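Observations on the three-dimensional arrangement
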Amino acid sequence: MTKPVLGLIVGGTLGLMDGLSGFFEPSLGPMMGSVITFSMLKGLVAGVAIGYLSQRVRSIVIGIIAGFAIAAILSLVVVMHAGMALFWDIMLPGMLLGAIVGFATQRWGKLTASLEETVEAK
């Protein structure tokens with residue numbers, strides 16, 4: 001499985017789980033549709049971005065740090081929409097998602113055929 005596809009699958013799954021965890025907070029009840037949607041979209045976008053970056057960089061540590069940073073930026077966009085009262089409730093799970101996706105794409109993702117040829121030629 002290529003790194004962007006793996007990032008999409010892992011990011012989307014973790015984003016959905018992050019959104020569904022909002023059911024544990026009763027005050028989010030009226031807006032759970034938005035919470036799930038934003039969390040899943042954040043996971044999908046972060047997963048694809050991290051997957052593409054993982055194709056260019058072949059280091060697990062850099063993949064984790066980049067995943068952490070990409071997800072933090074996307075989480076900050078969600079925080080600006082949701083309000084600063086939920087800052088840590090959105091940022092921490094988002095950054096954890098990015099770190100996990102960064103690790104997974106570096107560890108188990110495969111390069112596309114054209115990139116493998118380029119790497120082998122060097």
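Definitions and cut-offs
Residues numbered from 1 in each chain as written. Predicted model: local features only at pLDDT ≥ 70, side-chain atom pairs only at ≥ 80, totals over all residues. Heavy atoms only, no water. Phe/Tyr/Trp six-rings, centres within 6.5 Å; stacked < 30°, edge-to-face > 60°. Buried < 20%, exposed > 50% of the residue type's maximum accessible area, 1.4 Å probe, protein only. Salt bridge = Lys/Arg side-chain N within 4 Å of Asp/Glu carboxyl O. Helix = DSSP H or I, 4+ residues; strand = E, 2+ residues; numbered from the N terminus. Axes fitted to C-alpha atoms, helices over the stretch in contact; angles between N-to-C directions. Parallel < 35°, antiparallel > 145°, perpendicular 65-115°, else oblique. Left-handed = near helix turned anticlockwise from the far one by under 90°. Contact = heavy atoms within 4.5 Å. Nonpolar A, V, L, I, M, F, W, Y, C, P; charged D, E, K, R; others polar. Patch = residues over 30% accessible without salt bridge, like charges linked within 9 Å, V, L, I, M, F, W, Y side chains within 5 Å. Areas by Shrake-Rupley, 256 points an atom, 1.4 Å probe, with all protein chains shown as cover. 1 Å grid on protein atoms, 1.4 Å probe; cavity = no way out; pocket = protein on both sides within 12 Å on 5 of 7 lines; lining within 4 Å. Points joined across faces, edges and corners; volume = space filled by probe spheres on them. Core = buried A, V, L, I, M, F, W, Y, C linked by side-chain atoms within 4.5 Å.

Within this structure, the stated rule accounts for 2 aromatic pairs. Consider the rings of Phe 87 and Trp 88, whose centres lie 4.8 Å apart with planes at 85°: the pair is edge-to-face. Looking at Trp 88, the relative accessible area reads 55%, which means it is exposed. When the ring of Phe 103 is compared with that of Trp 108, the centres are 5.5 Å apart and the planes differ by 90°; the resulting orientation is edge-to-face. A relative accessible area of 32% means that Phe 103 is categorised as partly exposed.

With that out of the way, let us pick up the pattern of salt bridges. By the definition in use, this model includes 1 salt bridge. Between Lys 42 and Asp 18 there is a salt bridge, with the nearest N and O atoms lying 3.7 Å from each other. Of this pair, Lys 42 sits in helix H2 (residues 32-56) while Asp 18 sits in helix H1 (residues 3-20), placing them 24 residues apart in sequence. A single burial state applies to Lys 42 and to Asp 18, both of which are buried.

Look at H2 against helix H3 (residues 60-82): their axes get within 9 Å of each other, and the N-to-C directions meet at 150°. In this view, H2 runs roughly antiparallel relative to H3, as classed from their interaxial angle. Note that H2 runs across H3; the crossing there is right-handed. In this structure, H2 uses Phe 38, Lys 42, Val 45, Ala 46, Ala 49, Ile 50 and Leu 53 to contact H3, whose residues at the interface are Ala 66, Gly 67, Ile 70, Leu 74, Ser 75, Val 78 and His 81. Counted by class, the contact of H2 with H3 contains 10 nonpolar, 3 polar and 1 charged residues.

Right, let's talk about a nonpolar patch on the surface for a bit. A cluster of nonpolar side chains, namely Leu 16, Leu 20, Phe 23 and Met 40, defines an oily patch on the protein surface of about 340 Å² accessible area. With respect to the helices and strands, the residue Leu 16 is situated in helix H1.

Let us now look at the layout of surface pockets. For the largest pocket, the calculated volume is near 410 Å³. For the largest pocket, the lining is made up of 19 residues, of which Leu 28, Val 35, Leu 86, Asp 89 and Ile 90 are closest to its centre. Among the elements of the structure, H1, H2, H3 and helix H4 (87-108) are those that each provide at least two residues to the lining of the largest pocket. Looking at the lining of the largest pocket, the element that brings in the most residues is H2, giving 5 residues.

In this section: the nonpolar core. Formed by Leu 6, Val 10, Ala 46, Ile 50, Leu 97, Val 101 and Ala 104, the largest nonpolar core amounts to 7 residues. Residue contributions to this core peak at 3 residues, all from H4. Setting aside residues up to four positions removed in sequence, Ala 104 forms contacts with Leu 6, Val 10 and Gly 109. Counting residues in each nonpolar core, the second largest holds 6 residues, with Val 78, Ile 90, Met 91 and Met 95 among its members.

Remember, this is a structural readout, not a statement about activity or role.
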